Amino acid sequence: MLEERKNWKATRNLYTFLVSKMISSVGFGVFNFGISLYILSVTGSALSFATNIVFNVLPRALAAPLAGYVADRFSKKRVVVASMAGITVSVAALIVYTFMFGFSVSAIYTITAIFSTIGAFNGVAFSSALPNLVGKQRLQKAMSYNQVSYSIGSIGGPAIGGMMFGFVSMKVFLFAMMIAYFIALCLEATMDFDLYETKVKVKKESVLTSMKEGLHYLSGKPLVKTLLMVTLCMNFFFSAVSVGLVFVLVQKLGVPSNQVGLIEGSGAVGMLVMSLYLSSRSDLRSPLYFAKKSAFTMCIIVACITLPLFFSLSSLHTFIFYMFLMVLFSALGVLANTPIGIVIQNVIDDEYRGRVFGIIETLSVGMGPIGSVIFGALFDRMDAKVIFICTSLFLLLCITGLMRSSKIGYDHDEFIS
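Small disclaimer: the values here were computed from a predicted structure and weren't measured.

A. Just the overall build of the protein chain, in detail. For the protein chain, the helix and strand inventory stands at 16 helices and zero strands. Here the protein chain holds 417 residues, and the buried ones make up 50% of them. Within the protein chain, counting contacts between residues at least 6 apart in sequence, those at least 24 apart form 89% of the total. A total accessible area of about 19,000 Å² is found for the protein chain, and carbon and sulfur atoms account for 68% of it.

Now the structure itself:
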């Protein structure tokens, strides 16, 4: 009877998590799209737009290690609820400020930095709490649902935001986001974060000492270090796609801007379909072997981006080719990243999970912009065909070396015990 009640609570946590993440993802997608259009319409400056991206990325990367310490030191539910309440109150404060003084670019930068910082605490605490919320047997479904919510936010946010931008003011954008986050806050407050928690005695130690202990713990987990290196390599090299694809479509092939938008957006569709597939199927028997094969296929797709540069295709065939390529690339990204995330969740002890995910968050968030800057400079100076083919080969070599079966193993049972 107790086990049945526990399973019922875990199922309720799982679907509450899905709805909460979906609402907050769509709310943020609407806000982010509106903010982007507002900055470009007011300033007409790409630099101003890029500056907002910096305010979105840098505070999150810097705050993540501290967020990991807080998630391990205090109740994860309190951290999640308090951070979501902080975001909601911040939006409300911005609405009041806007009514009193008007909307400004400086206010956008400030609220973006606040969201990014508080979001680090919410994201790290939620990630480290997943096994406690749903149990290790439901991790695949939970992480797939997380991808589902992100995909729906990526698709629905710009779509809703685009419709709203032409008809309502920025105050309405802010109000819509505040409502979305308040609903998410109410849902998260009902979740049982201690359902599968292993009770451990929390040491009384300084923030710096605790962070050092987290690093020491991570250094003693060779499997996690290897998977972290794989993730960082993928984030770095695949930033060539996020930077170079638009460059190739616009500068080399002359694809119309509306088609470029559809090609870029098709990736979210691929993520959504594959996330739904993973959420409905049984646990992967060999998750890391599955991730390795998916990453290999992604490397091949990166090389295939160059095909229309070698062979002349009609505009329609070019559009269809890249649409198909981006759907497949994003779908495989889910198949590569989700199993790696599941294994990391399973092998990290509960008392260290927050700090480890804080470290992962910092490195992962920081690697994307670094890769974008480097590949942005390369695409200005080198042939795009050479960059994509070399990127594909280098990443293929990295994955082959890091994910050798003798080094990480592929057995499923050892990761869920």
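B. Structural context of the pattern of salt bridges. As enumerated under the stated definition, the model contains six salt bridges in all. Between Arg 60 and Glu 361 there is a salt bridge, and its shortest N-O distance comes to 2.4 Å. Residue Arg 60 is located in helix α2 (residues 46-73), and its partner Glu 361 is located in helix α13 (residues 353-381); the two are separated by 301 residues in the primary sequence. Residue Arg 60 is classed as partly exposed on the basis of its relative accessible area of 24%. Two residues, Lys 385 and Asp 383, come together in a salt bridge whose shortest N-O distance is 3.1 Å. In this structure, a network of salt bridges that share partners links the residues Lys 76, Asp 350 and Arg 353.

C. The arrangement of the environment of Tyr 97 in detail. Inspection of the secondary structure puts Tyr 97 in helix α3 (residues 76-101). For the pair formed by Tyr 97 and Ala 107, sequence separation is ten residues and the distance between their alpha carbons is 8.7 Å. Setting aside anything within four residues of it in sequence, one finds Tyr 97 in contact with Gly 102, Ser 104 and Ala 107.

D. Just the packing of aromatic side chains, in detail. Taken as a whole and assessed by the stated rule, the structure comprises eleven aromatic pairs. Seen in terms of ring centroids, Tyr 217 and Tyr 352 are 4.1 Å apart; in terms of plane orientation they differ by 5°. Their pairing is stacked. Of the two residues, Tyr 217 sits in helix α7 (residues 207-219) while Tyr 352 sits in the loop between α12 (315-347) and α13, which places them 135 residues apart along the sequence. Since its relative accessible area comes to 12%, Tyr 217 is described here as buried. Taking the ring centre of Phe 310 as reference, the NZ or CZ of Lys 385 above it sits at 5.6 Å.

E. Inspection of the packing of helix α10 (residues 287-304) against helix α14 (residues 384-402) at higher detail. Contact geometry of α10 with α14 gives a least axis separation of 8 Å together with a crossing angle of 165°. Taken together, the axis directions place α10 and α14 in an arrangement best described as roughly antiparallel. Note on packing geometry: the crossing formed by α10 with α14 is left-handed. Of the residues in α14, those in contact with Lys 292, Ala 295, Phe 296, Cys 299, Ile 300, Val 302 and Ala 303 of α10 are Phe 388, Thr 391, Ser 392, Leu 395, Leu 396, Ile 399 and Thr 400. Within the contact of α10 with α14, the residues separate by chemical class into ten nonpolar, three polar and one charged.

F. Geometry of a nonpolar patch on the surface. A contiguous nonpolar surface patch, about 580 Å² in accessible area, is contributed by Val 96, Tyr 97, Phe 99, Met 100 and Phe 101. Within the fold, Val 96 resides in helix α3.

G. Representation of the side chain of Asn 132 in the model. Summarising the element assignment, Asn 132 is placed in helix α4 (residues 105-134). Classification of Asn 132 as buried rests on a relative accessible area of 2%. There is a polar contact of 3.3 Å between the side chain of Asn 132 and the side chain of Asp 350. If we ignore the near neighbours within four places in the chain, the residues touching Asn 132 are Lys 76, Asp 192, Phe 193, Asp 194, Leu 195, Tyr 196, Glu 197, Asp 350 and Arg 353.

H. Broad picture of the packing of helix α8 (residues 222-252) against α10. Direction vectors running N to C along α8 and α10 enclose 20°, while the axes themselves pass 12 Å from each other. Taken together, the axes of α8 and α10 are roughly parallel relative to one another. The hand of the α8/α10 crossing is left-handed. Taken together, the residues of α10 that come into contact with α8 (itself represented by Leu 223, Leu 227, Met 234, Phe 238 and Val 241) are Leu 288, Ala 295, Met 298 and Val 302. The residue inventory of the contact of α8 with α10, partitioned by class, reads nine nonpolar, no polar and no charged.

I. Highlighting the side chain of Thr 318. Structurally, Thr 318 is set in helix α12. Owing to a relative accessible area of 7%, Thr 318 belongs among the buried residues under this scheme. For Thr 318, the contacting residues outside a window of four places in its chain are Leu 253, Val 255 and Leu 313.

J. Main features of the confidence of the model for the protein chain. Chain-level statistics for the protein chain give a pLDDT mean of 82 and a share of 89% at 70 or above. Across the protein chain, element-level confidence peaks in α14 with a mean pLDDT of 91 and bottoms out in helix α16 (residues 413-416) with 50.

K. Structural detail: the environment of Gly 358. Among the secondary structure elements, Gly 358 is positioned in helix α13. Note on Gly 358: relative accessible area 0%, which makes it buried. Along the chain, Gly 358 and Ala 120 lie 238 residues apart, while their C-alpha atoms are 8.3 Å from each other. Residues in contact with Gly 358, not counting those within four places in the same chain, are Ala 64, Pro 65, Gly 68 and Val 124.

Basis of the calculations
Residues numbered from 1 in each chain as written. Predicted model: local features only at pLDDT ≥ 70, side-chain atom pairs only at ≥ 80, totals over all residues. Heavy atoms only, no water. Helix = DSSP H or I, 4+ residues; strand = E, 2+ residues; numbered from the N terminus. Buried < 20%, exposed > 50% of the residue type's maximum accessible area, 1.4 Å probe, protein only. Contact = heavy atoms within 4.5 Å. Areas by Shrake-Rupley, 256 points an atom, 1.4 Å probe, with all protein chains shown as cover. Salt bridge = Lys/Arg side-chain N within 4 Å of Asp/Glu carboxyl O. Phe/Tyr/Trp six-rings, centres within 6.5 Å; stacked < 30°, edge-to-face > 60°. Lys NZ or Arg CZ within 6 Å of the ring centre and 35° of its normal. Axes fitted to C-alpha atoms, helices over the stretch in contact; angles between N-to-C directions. Parallel < 35°, antiparallel > 145°, perpendicular 65-115°, else oblique. Left-handed = near helix turned anticlockwise from the far one by under 90°. Nonpolar A, V, L, I, M, F, W, Y, C, P; charged D, E, K, R; others polar. Patch = residues over 30% accessible without salt bridge, like charges linked within 9 Å, V, L, I, M, F, W, Y side chains within 5 Å. Polar contact = N/O pair within 3.5 Å; in protein donor to acceptor, adjacent residues only side chain to side chain. pLDDT = per-residue confidence, 0-100.

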